[in-house]
Amino acid sequence: SGPGAALQDQFFLQFITRYLHASGELRCRVTTLTRRWVDAAINAAELVTGFDQETAAVVMARLASFKMEQEEDFDATRWLDRSLIRLCAKFGDYRKD
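A short tour of the structure in this document, coming up. Throughout this description, residue numbers start from 1 for each chain and increase along the sequence as written. Residues qualify for local features only when their pLDDT is at least 70, as the model is predicted, and side-chain atom pairs are given and counted only at 80 or more; totals for whole chains, interfaces and linings, by contrast, use all residues. The basis for every side-chain value is the complete set of heavy atoms in the structure, and neither hydrogens nor water enter the calculation.

1. Regarding the nonpolar core
Next, step 1: Residues Met 60, Ala 64, Phe 74, Ala 76 and Trp 79 constitute the largest nonpolar core, which totals five residues.
Next, step 2: Helix and strand definitions here come from DSSP, where helices need a minimum of 4 consecutive H or I residues and strands a minimum of 2 consecutive E residues; each element is numbered from the N-terminal end. When contributions to this core are tallied by element, the ones reaching two or more residues are α3 (53-70) and α4 (76-91).
Next, step 3: By the convention used here, residues are in contact when the closest approach between their heavy atoms is within 4.5 Å. Ignoring anything within four residues of it in the chain, the contact list for Trp 79 reads Met 60, Leu 63, Ala 64, Lys 67 and Phe 74. For the purposes of this section, nonpolar cores are sets of buried Ala, Val, Leu, Ile, Met, Phe, Trp, Tyr and Cys residues that join through side-chain atoms within 4.5 Å. Only protein chains enter the calculation, and the probe is 1.4 Å; a residue is then buried if its accessible area is under 20% of its type maximum, exposed if over 50%, and partly exposed in between.

2. Considering α4
Next, step 1: Across its 16 residues, α4 extends 22 Å between first and last C-alpha, which sits within 8% of the 22 Å expected from 1.5 Å per residue.
Next, step 2: Among the structural elements, α3 are those in contact with the buried residues of α4. Residue count minus one, scaled by 1.5 Å, sets the expected span of a helix.

3. A short note on the packing of α3 against α4
Next, step 1: At a minimum axis separation of 11 Å, α3 and α4 run at an interaxial angle of 150°. Relative to α4, the element α3 lies roughly antiparallel. Both α3 and α4 take part in a crossing whose hand is right-handed. On the side of α3, the interface is formed by Ala 56, Met 60, Leu 63, Ala 64, Lys 67 and Met 68, while α4 contributes Ala 76, Trp 79, Leu 80, Ser 83, Leu 84 and Leu 87.
Next, step 2: Classifying every residue of the contact of α3 with α4 gives ten nonpolar, one polar and one charged. Lines fitted to C-alpha atoms define the axes, with helix axes restricted to the stretch in contact, and inter-axis angles between N-to-C directions lie between 0 and 180 degrees. In this scheme, roughly parallel covers angles under 35 degrees and roughly antiparallel covers those over 145, while 65 to 115 is roughly perpendicular and the rest are oblique. With the far helix as reference, a near helix turned anticlockwise by less than a right angle produces a left-handed crossing, and one turned clockwise produces a right-handed crossing. When residues are sorted by character, Ala, Val, Leu, Ile, Met, Phe, Trp, Tyr, Cys and Pro go into the nonpolar class, Asp, Glu, Lys and Arg into the charged class, and all the rest, Gly among them, into the polar class.

4. Brief notes about α3
Next, step 1: The terminal C-alpha atoms of α3, which comprises 18 residues, lie 26 Å apart, in line with the 26 Å expected from a rise of 1.5 Å per residue.
Next, step 2: Among all positions of α3, only Ala 56, Met 60, Ala 64 and Lys 67 are buried. Looking down the long axis of α3, one finds its buried residues gathered within 70° of arc, a one-sided arrangement. Within α3, the exposed residues directed more than 90 degrees away from the buried face are Glu 54, Arg 62, Glu 69 and Gln 70.
Next, step 3: Here the buried face of α3 lies against α4. Here the arc refers to the directions that run from the helix axis out to each C-beta atom.

Purely geometric numbers; function is a separate question.
See the structure below:
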C-alpha cells in the first residue's frame, strides 16, 4: 500500500485514429486516457461517478451500427432495448418525484 500500489491500479487506454484531412493529407491522432481499476463489487460508487452518459450513448450507437452491418438477422431495436435496460440498471439512479 505504498506509492507503487496506486500505479498498479492504474491503466491506460489509447485510441489511434487515422483519417484523410480535407487537404488530402493522411493524419494520425492519438488519444490516451488513464483511469484506476475499480472493482464494482467492492466500490460501485466510484465506478458510477466516473460514468459518462454521452460517451455511453455514442458507444452503444456505434456498436449497434456495426452489428447491423455484420450480422444478417440482427434486430437492432430488440438489442438496443435489452442493452440499454441493462446499462441503466447498472448505472442508473432512480428517484421518484
